[in-house]
Amino acid sequence: MNQRIVHGQTTSYEYDYLVIAAGTHTNFYGNDDMARKAFKLDNVDDANRICEAVQTSAFNTAIVVGGGYTGIEIATNLRRRLSSLNVSKQIVIVEASGSILNTLPEWMVRYVKENLAHLKVDVLVNSRVECIENNRVILSDGRVFDPSIVIWAAGVQTPPFVRDMKSEKAEQGRLNVTDYLQMEEHIFSIGDTTAFVDNGHPLRMAVQFAVAQGKLTGKNILRCLHGQGMRPYRSVDRGYIIPMANLHACGELMGVQCKGLPAIFMHYSMCIRRSLGLRKKMRMLRDLLKSLFGSGIVVS
Ligand SMILES: Cc1cc2nc3c(=O)[nH]c(=O)nc-3n(C[C@H](O)[C@H](O)[C@H](O)COP(=O)(O)OP(=O)(O)OC[C@H]3O[C@@H](n4cnc5c(N)ncnc54)[C@H](O)[C@@H]3O)c2cc1C
């Protein structure tokens, strides 16, 4: 019989059932120099590092690499932060393809572009960050920003141990699974690490799927232990929202287009509902109230 063992850094553990829920992290596409010099946003520590840099570094331009959801959220929040510090700096989103949010409907892209323009966030498309020399950033089109800080939001991949696993994978190193979210009889994979295929495409990475998959897998393991059959995973997509820091947002909920304050309220209510612990929920509520009743973002 195969031994079922997971090796940690210092200890190894035997398991009856294994659930892989390791998420993803920033992908620098093998560019170690960029990984050393640019900021990223994988967790709260990363966010604190960016906030500190914004407050303490000498820079004229903050460059956000990647015009996807994460890049847009970072750029607008940088503007909010700088405005609260009463500081005026250039913010630039550098996007390699021909448009920001290039897989989303036209009306959303237009809405986001207008809001970015209002917040004085510049967008450069068909352009890449080539290198960072000291605080000097050079783009593929020859533009130079000096001095700058760079925040990299140009893609994610699964952690190395997942990529090293000898099993079938989809794009970004995500694990292929069965209808029961299984890779093998005793091994489940859920959340961002997993490429569950729905309507011919892997589900996008989102909290709603990760939480639902976690709940189902917990129940399925109990069912296995009681000798009962497992239930298949059926994804329910409630939609998505692109939140921006000045109470602007747009998206689609249950197939209905929404934008502006209703979209922001939906975003916050989902975040508050899904976050764990009263303290976190209260912090998010406080953040929303501060945005609603604070002095707003001043762009000079
Ligand atoms: C800036 C940003 C904004 C986002 N906004 C939204 C949003 O508005 N709505 C939405 O639905 N989704 C959003 N997402 C995506 C959402 O965060 C993910 O889809 C969700 O967190 C996935 O949950 P998960 O449990 O699969 O992985 P994660 O939440 O990433 O959790 C994985 C955990 O595993 C840990 N881990 C990794 N490797 C190992 C290892 N070898 N050993 C032990 N532990 C390990 C990681 O440290 C991490 O804590 C956002 C993501 C980012 C980065």
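This report concerns the structure included in the present document.

Rules behind the numbers
Residues numbered from 1 in each chain as written. Predicted model: local features only at pLDDT ≥ 70, side-chain atom pairs only at ≥ 80, totals over all residues. Heavy atoms only, no water. Near = heavy atom within 4 Å. Polar contact = N/O pair within 3.5 Å; in protein donor to acceptor, adjacent residues only side chain to side chain. Areas by Shrake-Rupley, 256 points an atom, 1.4 Å probe, with all protein chains shown as cover. Helix = DSSP H or I, 4+ residues; strand = E, 2+ residues; numbered from the N terminus. Pairing = 2+ DSSP bridges. Buried < 20%, exposed > 50% of the residue type's maximum accessible area, 1.4 Å probe, protein only. Right-handed = clockwise from strand over helix to strand, strands pointing away. Phe/Tyr/Trp six-rings, centres within 6.5 Å; stacked < 30°, edge-to-face > 60°. Lys NZ or Arg CZ within 6 Å of the ring centre and 35° of its normal. Axes fitted to C-alpha atoms, helices over the stretch in contact; angles between N-to-C directions. Parallel < 35°, antiparallel > 145°, perpendicular 65-115°, else oblique. Left-handed = near helix turned anticlockwise from the far one by under 90°. Contact = heavy atoms within 4.5 Å. Nonpolar A, V, L, I, M, F, W, Y, C, P; charged D, E, K, R; others polar. Expected span 1.5 Å × (residues − 1).

1. Looking at the site of the ligand
Consideration 1: Taken together, 15 residues lie near the ligand, and A22, D192, A206, V207 and H267 sit nearest.
Consideration 2: At 3.2 Å, a backbone N or O of A206 approaches an oxygen atom of the ligand.
Consideration 3: At a separation of 2.8 Å, an oxygen atom of the ligand approaches a polar backbone atom of V207.
Consideration 4: Protein contacts shield 49% of the accessible area of the ligand, which totals 990 Å² for the unbound molecule.
Consideration 5: Of all the secondary-structure elements, those providing two or more residues to the shell around the ligand are helix 3 (69-84) and helix 6 (207-225).

2. With respect to the sheet that holds strand 8 (residues 129-133)
Consideration 1: If you trace the three strands from one edge of the open sheet to the other, you get 8-9-10, paired in antiparallel fashion. Only two strands of the sheet have a single partner each, and these edge strands are strand 8 and strand 10 (144-145).

3. A short note on the pairing of strand 5 (residues 61-65)
On any regular strand, side chains alternate: one points to one face of the sheet, the next to the other face.
Consideration 1: With five of five residues buried, strand 5 is to be regarded as a mostly interior element.
Consideration 2: Of the two faces of strand 5, the one lined by T61, I63 and V65 and the one lined by A62 and V64 are each fully buried.
Consideration 3: Sheet topology note: the strand 5/strand 6 (residues 90-94) ladder contains five bridges and is parallel. The residue of strand 6 that forms the bridge with A62 is I91.
Consideration 4: As for the winding sense of the linkage, the β-α-β connection from strand 5 through helix 3 to strand 6 is right-handed.
Consideration 5: Across five bridges, the pairing between strand 5 and strand 11 (residues 148-152) is parallel. When the sheet's bridge partners are listed, T61 is paired in strand 11 with S148.

4. Things to note about the packing of aromatic side chains
The relative placement of two aromatic rings is captured by the distance of their centres and the angle of their planes.
Consideration 1: Summed over the entire model, instances satisfying the criterion amount to four aromatic pairs.
Consideration 2: Positioned above the aromatic ring of F59, the side-chain terminus of K89 is 4.7 Å from the ring centre.

5. A word on the sheet that holds strand 14 (residues 187-189)
Consideration 1: Here we have three strands laid out as an open sheet, ordered 3-14-13, and mixed in their pairing. Strands at the two margins of the open sheet, each flanked by one partner only, are strand 3 (18-20) and strand 13 (182-184). In this sheet, neighbouring strand axes are inclined to one another by 30° on average, regardless of whether the strands run parallel or antiparallel.
Consideration 2: Where strand 3 meets strand 14, three bridges bridge the pair, whose relative direction is parallel. Bridge pairing links I20 to S189 in strand 14.

6. Some points on the packing of helix 2 (residues 44-56) against helix 3
Consideration 1: Where helix 2 contacts helix 3, the two axes come as close as 11 Å, and the packing angle between them is 45°. When the axis of helix 2 is compared with that of helix 3, the two are oblique. For the pair helix 2 and helix 3, the sense of crossing is right-handed. Contacts between helix 2 and helix 3 involve I50, C51, V54 and Q55 on the former and, on the latter, L78, R81 and L82.
Consideration 2: Of the residues assigned to the contact of helix 2 with helix 3, the class counts are five nonpolar, one polar and one charged.

7. Some details on the side chain of S127
Consideration 1: Position of S127 relative to the elements: it lies in the loop between strand 7 (121-124) and strand 8.
Consideration 2: A residue is classified by how much of its surface remains accessible, and S127, at 1% relative accessible area, is buried.
Consideration 3: Looking at S127, its side chain comes within polar contact range of the side chain of D141, at 3.4 Å.
Consideration 4: Look past the residues within four positions of S127 in its chain and what remains in contact with it is V94, E95, A96, L139, S140 and D141.

8. Comments concerning helix 4 (residues 106-118)
Consideration 1: Along its 13 residues, helix 4 runs 18 Å from first to last C-alpha, staying within 8% of the 18 Å computed at 1.5 Å per residue.
Consideration 2: Turning to helix 4, the residues buried within the fold contact helix 3, strand 6, strand 7, strand 17 (239-243), strand 18 (249-253) and strand 19 (256-259).
Consideration 3: With its phi angle positive at about 55°, K120 sits one or two positions after the end of helix 4.

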